[in-house]
Amino acid sequence: MSISGNTTPPGDTVTSTFAALFAGLYVAHHLGDYWVQTNTQATTKTLPGRVGRRACLAHVTTYTITAVLVLTVVAWRLDLVLDPGRAAIGLGVSAVTHYLADRRVLLRRLAVLAHHDGPWLDTGGLALMDQSWHIAWLFAAALIMT
(Lines give C-alpha, C1' and ligand atoms only; values in the text may rest on other atoms or scores of the structure.)
Protein backbone atom coordinates (compact mmCIF):
# COMPACT_ATOMS: atom_id res chain seq x y z
CA MET A 1 0.00 0.00 0.00
CA SER A 2 1.28 3.42 -0.91
CA ILE A 3 1.06 6.36 1.48
CA SER A 4 0.56 8.72 -1.45
CA GLY A 5 -2.48 6.78 -2.62
CA ASN A 6 -0.74 5.63 -5.81
CA THR A 7 -1.94 2.14 -6.78
CA THR A 8 1.11 1.38 -8.89
CA PRO A 9 3.38 -1.14 -7.16
CA PRO A 10 6.77 0.12 -5.97
CA GLY A 11 9.57 0.14 -8.55
CA ASP A 12 11.25 -2.97 -7.18
CA THR A 13 7.97 -4.92 -7.45
CA VAL A 14 7.46 -3.81 -11.05
CA THR A 15 11.05 -4.70 -11.89
CA SER A 16 10.86 -8.13 -10.30
CA THR A 17 7.47 -8.80 -11.94
CA PHE A 18 8.91 -7.90 -15.33
CA ALA A 19 11.94 -10.12 -14.72
CA ALA A 20 9.76 -13.06 -13.66
CA LEU A 21 7.44 -12.66 -16.65
CA PHE A 22 10.31 -12.35 -19.12
CA ALA A 23 12.02 -15.40 -17.64
CA GLY A 24 8.77 -17.35 -17.84
CA LEU A 25 8.16 -16.30 -21.44
CA TYR A 26 11.73 -17.20 -22.35
CA VAL A 27 11.40 -20.69 -20.84
CA ALA A 28 8.00 -21.15 -22.49
CA HIS A 29 9.50 -20.04 -25.79
CA HIS A 30 12.15 -22.74 -25.71
CA LEU A 31 9.68 -25.40 -24.59
CA GLY A 32 7.12 -24.39 -27.22
CA ASP A 33 9.60 -23.95 -30.05
CA TYR A 34 11.67 -27.09 -29.49
CA TRP A 35 9.81 -29.59 -27.30
CA VAL A 36 6.14 -28.97 -28.04
CA GLN A 37 6.36 -28.16 -31.76
CA THR A 38 5.82 -31.29 -33.83
CA ASN A 39 8.12 -32.37 -36.62
CA THR A 40 5.29 -31.85 -39.11
CA GLN A 41 4.73 -28.30 -37.88
CA ALA A 42 8.44 -27.53 -38.05
CA THR A 43 8.86 -28.89 -41.58
CA THR A 44 5.68 -27.48 -43.11
CA LYS A 45 5.06 -24.11 -41.38
CA THR A 46 7.08 -22.25 -44.02
CA LEU A 47 5.40 -23.84 -47.03
CA PRO A 48 3.30 -21.55 -49.20
CA GLY A 49 -0.45 -21.71 -49.12
CA ARG A 50 -2.95 -23.29 -46.80
CA VAL A 51 -0.75 -26.18 -45.66
CA GLY A 52 1.97 -23.84 -44.41
CA ARG A 53 -0.45 -21.40 -42.79
CA ARG A 54 -2.28 -24.20 -40.95
CA ALA A 55 0.95 -25.79 -39.71
CA CYS A 56 2.25 -22.43 -38.50
CA LEU A 57 -1.06 -21.61 -36.81
CA ALA A 58 -1.04 -25.01 -35.07
CA HIS A 59 2.51 -24.38 -33.86
CA VAL A 60 1.72 -20.89 -32.60
CA THR A 61 -1.38 -22.19 -30.83
CA THR A 62 0.54 -24.84 -28.88
CA TYR A 63 3.37 -22.35 -28.33
CA THR A 64 0.93 -19.87 -26.79
CA ILE A 65 -0.73 -22.54 -24.65
CA THR A 66 2.73 -23.44 -23.37
CA ALA A 67 3.31 -19.78 -22.47
CA VAL A 68 -0.02 -19.60 -20.64
CA LEU A 69 0.81 -22.70 -18.62
CA VAL A 70 4.32 -21.50 -17.70
CA LEU A 71 3.11 -18.01 -16.78
CA THR A 72 0.32 -19.51 -14.67
CA VAL A 73 2.90 -21.46 -12.69
CA VAL A 74 5.16 -18.39 -12.39
CA ALA A 75 2.28 -16.20 -11.19
CA TRP A 76 1.09 -18.86 -8.74
CA ARG A 77 4.51 -19.66 -7.31
CA LEU A 78 5.65 -16.04 -7.03
CA ASP A 79 2.23 -14.78 -5.92
CA LEU A 80 1.99 -12.35 -8.84
CA VAL A 81 -1.28 -10.68 -9.68
CA LEU A 82 -1.47 -10.24 -13.44
CA ASP A 83 -3.96 -8.03 -15.22
CA PRO A 84 -5.87 -10.39 -17.55
CA GLY A 85 -6.18 -7.75 -20.27
CA ARG A 86 -2.48 -6.94 -20.26
CA ALA A 87 -1.62 -10.64 -20.16
CA ALA A 88 -3.89 -11.30 -23.16
CA ILE A 89 -2.39 -8.41 -25.13
CA GLY A 90 1.17 -9.51 -24.31
CA LEU A 91 0.44 -13.10 -25.31
CA GLY A 92 -1.27 -11.83 -28.46
CA VAL A 93 1.78 -9.78 -29.41
CA SER A 94 3.98 -12.82 -28.82
CA ALA A 95 1.70 -15.08 -30.87
CA VAL A 96 1.27 -12.75 -33.86
CA THR A 97 4.96 -11.87 -34.10
CA HIS A 98 5.89 -15.54 -33.71
CA TYR A 99 3.59 -16.48 -36.59
CA LEU A 100 5.00 -13.71 -38.80
CA ALA A 101 8.58 -14.80 -38.18
CA ASP A 102 7.92 -18.51 -38.56
CA ARG A 103 6.25 -18.10 -41.94
CA ARG A 104 9.69 -16.72 -42.95
CA VAL A 105 8.57 -14.28 -45.67
CA LEU A 106 8.70 -11.15 -43.48
CA LEU A 107 11.79 -12.34 -41.61
CA ARG A 108 13.71 -12.98 -44.82
CA ARG A 109 12.68 -9.59 -46.23
CA LEU A 110 13.81 -7.82 -43.07
CA ALA A 111 17.09 -9.74 -43.07
CA VAL A 112 17.80 -8.70 -46.65
CA LEU A 113 16.90 -5.07 -45.84
CA ALA A 114 19.45 -5.26 -43.02
CA HIS A 115 22.04 -6.53 -45.57
CA HIS A 116 21.99 -10.07 -44.20
CA ASP A 117 21.63 -12.00 -47.40
CA GLY A 118 23.61 -14.61 -49.23
CA PRO A 119 25.02 -17.90 -47.97
CA TRP A 120 25.16 -16.89 -44.30
CA LEU A 121 21.41 -16.41 -44.22
CA ASP A 122 20.75 -19.86 -45.65
CA THR A 123 23.32 -21.71 -43.52
CA GLY A 124 21.92 -20.88 -40.10
CA GLY A 125 21.79 -17.11 -40.15
CA LEU A 126 18.04 -16.97 -40.65
CA ALA A 127 17.50 -19.33 -37.71
CA LEU A 128 19.61 -17.04 -35.50
CA MET A 129 17.69 -14.00 -36.68
CA ASP A 130 14.45 -15.89 -36.00
CA GLN A 131 15.46 -16.51 -32.39
CA SER A 132 16.62 -12.94 -31.79
CA TRP A 133 13.31 -11.69 -33.27
CA HIS A 134 11.35 -13.94 -30.90
CA ILE A 135 13.35 -12.90 -27.85
CA ALA A 136 12.92 -9.20 -28.66
CA TRP A 137 9.16 -9.67 -28.88
CA LEU A 138 9.12 -11.69 -25.64
CA PHE A 139 10.80 -8.69 -24.02
CA ALA A 140 8.05 -6.43 -25.41
CA ALA A 141 5.34 -8.87 -24.27
CA ALA A 142 6.76 -8.91 -20.72
CA LEU A 143 6.79 -5.10 -20.68
CA ILE A 144 3.16 -5.03 -21.80
CA MET A 145 2.14 -7.55 -19.14
CA THR A 146 3.97 -5.78 -16.31
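Quantities reported herein were computed from a predicted structural model and do not represent experimental measurements.

A. Representation of the packing of aromatic side chains within the structure. The final tally for this structure, using the stated rule, is five aromatic pairs. Plain terms: the ring middles of F22 and F139 are 6.0 Å apart, the flat faces sit at 75° to each other, and that makes the pair edge-to-face. With a gap of 117 residues between them, F22 in helix α1 (residues 11-36) and F139 in helix α6 (residues 119-145) connect regions that are remote in the sequence. The class for F22 is partly exposed, based on a relative accessible area of 22%.

B. View of the pattern of salt bridges. In this structure the tally under the stated criterion is four salt bridges. Residue D130 is joined to R104 by a salt bridge in which the shortest nitrogen-to-oxygen separation is 2.9 Å. Placement of D130 in helix α6 and of R104 in the loop between α4 (84-102) and α5 (105-113) is noted, with a sequence separation of 26 residues between them. Of the charged contacts in the structure, one is a salt bridge between D122 and R108, with a shortest N-O distance of 3.1 Å. Placement of D122 in helix α6 and of R108 in helix α5 is noted, with a sequence separation of 14 residues between them. With relative accessibility at 55%, the residue D122 sits in the exposed group. Here R108 falls in the partly exposed class, since its relative accessible area comes to 35%. Here the salt bridges share partners, and the residues they tie into one network are K45, D102, R104 and D130.

C. Expanded view of a nonpolar patch on the surface. Together, V27, L31, Y34, W35 and V36 make up an exposed nonpolar region whose accessible area comes to about 540 Å². Among the structural elements, L31 can be located in helix α1.

D. Looking closely at the environment of A140. Along the chain, A140 turns up in helix α6. Residue classification places A140 among the partly exposed positions, given a relative accessible area of 21%.

E. Representation of the side chain of D33 within the structure. Position of D33 relative to the elements: it lies in helix α1. Of the buried charged residues, D33 lacks a salt bridge, with K45 as the closest side chain of opposite charge at 4.6 Å. The residues contacting D33, other than those within four sequence positions of it, are H59, Y63, H98, D102, D130, Q131 and H134.

F. Spatial organisation of α4. For α4, built from 19 residues, the straight-helix expectation of 27 Å at 1.5 Å per residue is met to within 8% by its first-to-last C-alpha distance of 26 Å. Listed as buried for α4 are A87, G90, L91, S94, A95, T97, H98, A101 and D102. Sitting at the head of α4, D83 places a side-chain oxygen 3.0 Å from the backbone nitrogen of G85. One or two residues past the end of α4 sits R104, with phi positive at roughly 80°.

Criteria and cut-off values
Residues numbered from 1 in each chain as written. Predicted model: local features only at pLDDT ≥ 70, side-chain atom pairs only at ≥ 80, totals over all residues. Heavy atoms only, no water. Phe/Tyr/Trp six-rings, centres within 6.5 Å; stacked < 30°, edge-to-face > 60°. Helix = DSSP H or I, 4+ residues; strand = E, 2+ residues; numbered from the N terminus. Buried < 20%, exposed > 50% of the residue type's maximum accessible area, 1.4 Å probe, protein only. Salt bridge = Lys/Arg side-chain N within 4 Å of Asp/Glu carboxyl O. Patch = residues over 30% accessible without salt bridge, like charges linked within 9 Å, V, L, I, M, F, W, Y side chains within 5 Å. Areas by Shrake-Rupley, 256 points an atom, 1.4 Å probe, with all protein chains shown as cover. Lys, Arg positive; Asp, Glu negative; His and termini not counted. Contact = heavy atoms within 4.5 Å. Expected span 1.5 Å × (residues − 1). Polar contact = N/O pair within 3.5 Å; in protein donor to acceptor, adjacent residues only side chain to side chain.

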